[in-house]
Amino acid sequence: APSLDLLLCGDNMNNIIIKRIDPTTKDEMHFFLANESLKLYFKLHPDKLQIAKNNPTIIDNYLNQIVVKLNGDELVYGAYLDDEIIGCGYIDNNNHLDSLFVKEKYRNLGVGSSLLEKLINNCNQTKAITLNANIEAISLYERYSFHKTSDVINCYFVQMERKPSYGKNLFN
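Below is a summary of the structure that appears in this document. Every chain is numbered independently, its residues counted from 1 as its sequence is written. Since the coordinates come from a predicted model, pLDDT governs what is reported: local features require at least 70, and pairs of side-chain atoms require 80 or more to be given and counted, while whole-chain, interface and lining totals use all residues. Working from all heavy atoms in the structure, the side-chain values ignore hydrogens and water.

### Digging into the overall build of the chain
- Put simply, DSSP marks the helices as runs of H or I at least four residues long and the strands as runs of E at least two long, and each gets a number from the N terminus on. Within the chain, the regular secondary structure consists of five helices and eight strands.
- A burial count over the chain gives 42% of its 172 residues as buried.
- Considering only residue pairs separated by 6 or more positions, the chain has 59% of its internal contacts joining residues 24 or more positions apart. Buried, partly exposed and exposed residues are distinguished by accessible area as a fraction of the type maximum, computed with a 1.4 Å probe on protein chains only: under 20%, between the cut-offs, and over 50%, respectively. The contact rule is simple, with two residues in contact once any of their heavy atoms fall within 4.5 Å.

Okay, structure coming up:
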């Protein structure tokens, strides 16, 4: 059974539920990851947006790549507000944090931090965790002991790593 945790994000926010997700279930989480990934891609490559608008199969193919990429070995958590997914993150079986997205209007409210803590606490802590950080999120990862291992890539990403901790439940 998936684990459920309650997170309160401020006085004016409703309860946000953080729960583990089965990565093999094709549901709104896959659509959310694909949508947020595409938003970032088109932010980096605005010239490609019109091509995608004129060819909707590009978006469908991208969604299918996300579904195929998640094969069941990943550690996936989602953040839900009133049954709507507002954030999601996953670490693959090589301890690479492949994705961590929060809908724009819910950023800077602790949702991303809560997802990241869940992922760190529940992954293989005897191996380093790696990721390619969006430059806008570097400070988030640095707060959780990630360190840059590269210069900026493609004007928007930095490779980062968190050394093994050999412990569990670092943030509880």
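### Description of the pairing of strand β5 (residues 96-102)
- Burial within β5 is extensive, with six of its seven residues counted as buried.
- Counted along the chain from strand β4 (residues 84-91) to the antiparallel partner β5, the turn is four residues long, and its residue N95 has a positive phi close to 65°. Strand pairing follows a simple DSSP-based rule, namely that at least 2 bridges must link the two strands.

### Some thoughts on the side chain of D92
- Note on placement: D92 falls in the loop between β4 and β5.
- With no salt bridge to any partner, buried D92 finds its closest opposite charge in K127, at an N-O distance of 6.9 Å.
- Two N or O atoms form a polar contact when they lie within 3.5 Å of each other; inside protein one atom must be a possible hydrogen donor and the other a possible acceptor, and for residues adjacent in sequence the pair counts only when both atoms belong to side chains. At a separation of 3.0 Å, a polar atom in the side chain of D92 contacts the main-chain amide nitrogen of H96. In this count, Lys and Arg are taken as positive residues and Asp and Glu as negative ones, while His and the chain termini are left out. In what follows, salt bridge is the name for a side-chain nitrogen of Lys or Arg lying within 4 Å of a carboxyl oxygen of Asp or Glu.

### With respect to the packing of aromatic side chains
- Two rings belonging to Phe, Tyr or Trp (six-membered ring only in the last case) form a pair when the distance between their centres is within 6.5 Å. Interplanar angles under 30 degrees mark stacking, angles over 60 mark edge-to-face geometry, and anything in between is tilted. Throughout the structure, instances matching the rule amount to one aromatic pair.
- Look at Y141 and F146: their rings are 5.6 Å apart centre to centre, the planes differ by 75°, and that puts the pair in the edge-to-face class.
- Look at Y141 and you get buried, because its relative accessible area is 6%.
- Taking relative accessible area as the criterion, F146 reaches 1% and is therefore assigned buried.
- In this analysis the charged atom, NZ for Lys or CZ for Arg, is taken to sit over a ring once it is within 6 Å of the ring centre and within 35 degrees of the ring normal. If you follow K19 out to its NZ or CZ, it ends over the ring of Y80, 4.6 Å from the centre.

### Observations regarding the side chain of Q125
- With respect to the helices and strands, Q125 occurs in the loop between α4 (111-122) and β6 (129-134).
- A polar atom in the side chain of Q125 sits 2.6 Å from the backbone oxygen of I120.

### Section: the pattern of salt bridges
- Enumeration over the complete set of coordinates arrives at two salt bridges.
- For K103, the salt bridge is made with E84, and the minimal N-O distance between the two is 2.5 Å. Placement of K103 in the loop between β5 and α4 and of E84 in strand β4 is noted, with a sequence separation of 19 residues between them.
- Among the residues examined, E84 registers a relative accessible area of 33% and is labelled partly exposed.

### Remarks on unusual backbone geometry
- Residues other than glycine seldom take positive phi values, yet N95 does so here, at roughly 65°.
- Tracing the chain through its elements places N95 in the loop between β4 and β5.
- A relative accessible area of 3% places N95 in the buried class.
- Positioned with a positive phi, N108 is a non-glycine residue whose angle comes to about 65°.

All we've got here are geometric facts, nothing functional implied.
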